[in-house]
Amino acid sequence: MATKVKVTDLHKSYGDNEVLKGINLEVQENEVVVMIGPSGSGKSTFLRTLNKLEEPTAGSIAIDGIDLTAKETNLNKVRENIGMVFQHFNLFPHLTVLENVTLAPVELGKLTKDEANELGRQLLAQVGLADKADAKPTQLSGGQKQRVAIARALAMKPSIMLFDEPTSALDPEMVGEVLKVMRDLAEDGMTMIVVTHEMGFAKQVADRVVFFADGYIREEGTPDAVFNNPQDPRAQDFLNKVL
Ligand code: ADP
Ligand code: MG
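Basis of the calculations
- Residues numbered from 1 in each chain as written.
- Chains lettered and ligands numbered in written order.
- Predicted model: local features only at pLDDT ≥ 70, side-chain atom pairs only at ≥ 80, totals over all residues.
- Heavy atoms only, no water.
- Buried < 20%, exposed > 50% of the residue type's maximum accessible area, 1.4 Å probe, protein only.
- Helix = DSSP H or I, 4+ residues; strand = E, 2+ residues; numbered from the N terminus.
- Arc of directions from axis to C-beta.
- Contact = heavy atoms within 4.5 Å.
- Polar contact = N/O pair within 3.5 Å; in protein donor to acceptor, adjacent residues only side chain to side chain.
- Phe/Tyr/Trp six-rings, centres within 6.5 Å; stacked < 30°, edge-to-face > 60°.
- Salt bridge = Lys/Arg side-chain N within 4 Å of Asp/Glu carboxyl O.
- Near = heavy atom within 4 Å.
- Areas by Shrake-Rupley, 256 points an atom, 1.4 Å probe, with all protein chains shown as cover.

### What about helix H9 (residues 233-242)?
Then, in step 1: Within H9, the full set of buried residues consists of Ala-235, Phe-238 and Leu-239. One face of H9 carries all of its buried residues, which in axial projection span an arc of 95°. Exposed residues pointing more than 90 degrees away from the buried face of H9 are listed as Pro-233, Asn-240 and Lys-241.
Then, in step 2: At its buried positions, H9 is contacted by strand S3 (32-36), helix H7 (199-205), strand S9 (208-213), strand S10 (216-221) and helix H8 (223-228).
Then, in step 3: The opening residue of H9, the one whose side-chain oxygen lies 2.9 Å from the backbone nitrogen of Arg-234, is Asp-232.

Listed below in structure tokens is the structure:
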């Protein structure tokens, strides 16, 4: 199986605040890794350093075998292969749903307008929003907006998807529809790293659960091992609070 992500001794500081203190993580093709951990433990910082939205202080990151920390690496090319979905959907309000989905691949010359429209409609159908292609984001619910954001990320045909608390800003009744789209993606074989507090999703979908605390990975294993038999005291404490 191919290694999609290889992170070696990754450090990240903001001034004298060291947020990541030596993270080592490998993610294999088709693997779904769920990251959990207390607020402020560095989960978002980790995801952002993965596509160099943040500059690492030390350590190395390779995606699909390409070293992101090497000077000669074309970051924009690597980033095209990394789909990212955030808590807040960041859709363009003046564009239609379909235009939001097709914008990047057309602008970056990956697809013609016609190809992008065809793929865009296909992706909107995949996330259950075939009938919303011509709507504006303001006409959508939060759950629908997040599904558009997922379709938009998929339109770049990424080889890996990163999700940073994709359901945290949603009303509870909309969480399920977004998790379902993510579960379908996982079943289709997408390689995914998901930061979430949805422990049910982690149990059902994750191949591996990684627990972050204080800038370190404190525990990792199968959902069963991490949830039912955590070894690290911080993980035990965290899970007692959230399960
Ligand atoms: P999590 O996603 O696990 O809640 P974050 O990665 O958002 O944690 O934050 C980890 C730490 O890094 C926090 O102490 C936060 O204040 C700090 N931090 C995050 N982003 C920045 C930034 N852009 N500048 C300075 N400090 C930051
Ligand atoms: Mg965060």
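### Topic: the packing of aromatic side chains
Then, in step 1: As enumerated under the stated definition, the model contains two aromatic pairs in all.
Then, in step 2: A centroid spacing of 5.6 Å and a plane angle of 55° characterise the contact between Phe-46 and Phe-212, whose relative ring orientation is tilted. Placement of the pair is Phe-46 in helix H1 (residues 43-50) and Phe-212 in strand S9, with a sequence separation of 166 residues. Like Phe-212, Phe-46 is buried.
Then, in step 3: Judged by centre distance (5.5 Å) and plane angle (45°), the ring pair of Phe-211 and Phe-238 falls under tilted. You can see Phe-211 sitting in strand S9 and its partner Phe-238 sitting in helix H9, a full 27 residues away along the chain.

### A word on the pattern of salt bridges
Then, in step 1: Counted under the stated rule, the structure contains 15 salt bridges.
Then, in step 2: The shortest N-O distance in the salt bridge between Lys-180 and Asp-184 comes to 2.8 Å. With Lys-180 and Asp-184 both in helix H6 (residues 172-187), this residue pair falls four residues apart, about one helical turn.
Then, in step 3: Overall, the relative accessible area of 27% leaves Asp-184 in the partly exposed class.
Then, in step 4: Linked through salt bridges whose partners overlap, the residues forming this network are Asp-214, Arg-218, Asp-232 and Arg-234.

### Here's the deal with the site of ligand 1
Then, in step 1: In the vicinity of ligand 1, the contacting residues are Tyr-14, Asn-17, Val-19, Pro-38, Ser-39, Gly-40, Ser-41, Gly-42, Lys-43, Ser-44, Thr-45 and Arg-48.
Then, in step 2: Here an oxygen atom of ligand 1 sits 2.8 Å away from a polar atom, N or O, in the side chain of Ser-44.
Then, in step 3: In the model, an oxygen atom of ligand 1 is placed 2.5 Å from a nitrogen or oxygen of the Thr-45 side chain.
Then, in step 4: Contact with the protein chains removes 60% of the 560 Å² of surface that ligand 1 exposes when unbound.

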